[in-house]
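Read off the chains here:
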Amino acid sequence: MLNSARLLVLLEIARRGTIVAAAQALHLSPSAVSHQLARLEQELGVALVERGPQSLRLTPAGHRLAEHAQAITDLMAVAEDDLREHSAAAAGLLRIGFFVSAGLELLPRALSAFAAGHPQVELELVMGQPHEAMPDLEAGRLDAAVVFEHPLDPWCRRAAVEVRMFFEEPQLIVLPPRHRLGRRPVVRLAELADENWIGTHGGGSGEPVLERACAAEGFRPRVRCRSDHYQVTVNLARAGMGVALIPALGLADCTGVQVCRLEHPQLHRRVGVATRATNRNPVLRAFLAELSAAARDIGSALEQRWAT
């Protein structure tokens, strides 16, 4: 394999025209430059220079190798610049998993601020539930995952994964227009025992949170249909198809429906971010700072809007 230091010696000889001038540029002695050149010729088995009494000239092979040496030097400079930018969080690749309702405001706000300061970073975004993102995060296919955890549906924490929770997001009741409870700011789940429900398909455990919460209140909800797309759920409630339990981040458009807080200590979600403790991706820290700032603003806004 060619030695990069010896290639640089040949390149400086080609640039400067003499061994003495090349030695000065490389901060070496002329004898050291001559030795490196001789070793390079020996390794390749071909003459690279023609030595005259008062002159030195590259052979055709020497010219060709000098061209390759220039290309290699340029490539090494590009690699150094790329790594320098990467270590300064100016460039690189960032892979982020996120759940659907985080993609309505929380993640876009964080990414907007992050991209403005890091335009050279390539982003790869993968949408899915937390239980779907965790295996990819643990395997290194994601750098971070925006996640939620519900007190009624906790997931198993892995030692390799660190989870930082930002805020508590209330679960809200969405009622059809002119519903009997619509003027109430807070309702109890048991007051809705006889209603038709628009439910979800559930998380990693399989049993939806709605069913768990209702069971604790002594009834089983009558679920008319299920959807994990909250705007579909809101539209169905607006059409009078039933009532629904929806997290606050999922309420992008609640015109035409009535929304109430629930009197229930466990009907909320904790929203945060999961990362690997061993991940040294330098652009990750900058993204997490922007995500944390966006989460503070959104968490504060949710608390003010839905305070009991």
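For the structure, see preceding data.
These lines cover the structure that appears in this document, whether it is placed above or below.

### Observations concerning the overall build of the protein
- The helix and strand tally for the protein stands at 9 helices and 12 strands.
- Since a compact globule built from 308 residues should have a radius of gyration of about 19 Å, the 32 Å found for the protein marks it as more spread out than a globular shape.
- Taking the principal axes of the C-alpha coordinates as reference, the protein spans close to 105 × 30 × 30 Å.
- A separation threshold of at least 6 residues defines the contact pool for the protein, and within that pool the share at least 24 residues apart is 72%.
- Charge centroids of the protein, computed over 33 positive and 34 negative side chains, lie 3 Å from each other.

### Side note on the nonpolar core
- Among the nonpolar cores identified, the biggest contains 40 residues, and Leu94, Leu106, Val146, Phe167, Phe287 and Leu291 are the most heavily contacted of them.
- With 9 residues, helix α9 (residues 282-305) is the single largest residue contributor to this core.
- In this structure, Leu94 is in contact with Phe114, Val121, Glu122, Leu123, Glu124, Asp143, Asn281, Val283, Leu284 and Phe287, ignoring residues within four places of it in sequence.

### As for the environment of Arg222
- By secondary structure assignment, the location of Arg222 is in strand β9 (residues 222-226).
- Those residues in contact with Arg222, other than ones at most four positions away along the chain, are Asp194, Glu195, Asn196 and Trp197.

### Quick word on the pattern of salt bridges
- Scanning the entire structure with this criterion turns up 14 salt bridges.
- Put simply, Arg57 and Glu50 hold a salt bridge, and the shortest N to O gap is 2.8 Å.
- Residue classification places Arg57 among the exposed positions, given a relative accessible area of 55%.

### With respect to helix α8 (residues 230-238)
- Buried within α8 we find Tyr230, Thr233, Val234 and Ala237. All buried residues of α8 lie within an arc of 100 degrees about the axis, which places them on one face of the element.
- The inward-facing, buried residues of α8 abut β6 (161-175), β8 (196-199), β10 (243-247) and β12 (268-276).

### Focus on the pairing of β12
- Burial of β12 is extensive: 8 of the 9 residues sit out of reach of the surface.
- Across 6 bridges, strand β5 (residues 144-149) lies against β12 in antiparallel orientation. The residue of β12 that forms the bridge with Val147 is Gly272.
- Pairing of β6 with β12 involves 9 bridges; the strand directions are antiparallel. In the sheet register, Arg164 faces β12, and the bridge partner there is Val273.

### Thoughts on a nonpolar patch on the surface
- A cluster of nonpolar side chains, namely Leu2, Leu44 and Val46, defines an oily patch on the protein surface of about 210 Å² accessible area.
- Tracing the backbone through its elements, the reader meets Val46 in the loop between α3 (30-44) and β1 (49-51).

### What to know about the packing of helix α1 (residues 4-16) against α3
- Running from N to C, α1 and α3 cross one another at 110 degrees; their axes reach a closest spacing of 9 Å. The angle between the axes of α1 and α3 places the two elements in the roughly perpendicular class. The chirality of how α1 crosses α3 is left-handed. Two secondary-structure elements touch here, α1 through Arg6, Val9, Leu10 and Ile13 and α3 through Val33, Gln36, Leu37, Arg39, Leu40 and Glu43.
- Among the residues forming the contact of α1 with α3, the class breakdown is 6 nonpolar, 1 polar and 3 charged.

### Let's talk about the side chain of Ser292
- As for its position among the elements, Ser292 is in helix α9.
- In contact with Ser292, other than residues within four places in its own chain, are Arg164 and Phe166.

So, how was this worked out
Residues numbered from 1 in each chain as written. Predicted model: local features only at pLDDT ≥ 70, side-chain atom pairs only at ≥ 80, totals over all residues. Heavy atoms only, no water. Helix = DSSP H or I, 4+ residues; strand = E, 2+ residues; numbered from the N terminus. Rg over C-alpha atoms; globule rule 2.2 N^0.38 Å. Contact = heavy atoms within 4.5 Å. Lys, Arg positive; Asp, Glu negative; His and termini not counted. Charge placed at Lys NZ, Arg CZ, Asp CG, Glu CD. Core = buried A, V, L, I, M, F, W, Y, C linked by side-chain atoms within 4.5 Å. Buried < 20%, exposed > 50% of the residue type's maximum accessible area, 1.4 Å probe, protein only. Salt bridge = Lys/Arg side-chain N within 4 Å of Asp/Glu carboxyl O. Arc of directions from axis to C-beta. Pairing = 2+ DSSP bridges. Patch = residues over 30% accessible without salt bridge, like charges linked within 9 Å, V, L, I, M, F, W, Y side chains within 5 Å. Areas by Shrake-Rupley, 256 points an atom, 1.4 Å probe, with all protein chains shown as cover. Axes fitted to C-alpha atoms, helices over the stretch in contact; angles between N-to-C directions. Parallel < 35°, antiparallel > 145°, perpendicular 65-115°, else oblique. Left-handed = near helix turned anticlockwise from the far one by under 90°. Nonpolar A, V, L, I, M, F, W, Y, C, P; charged D, E, K, R; others polar.

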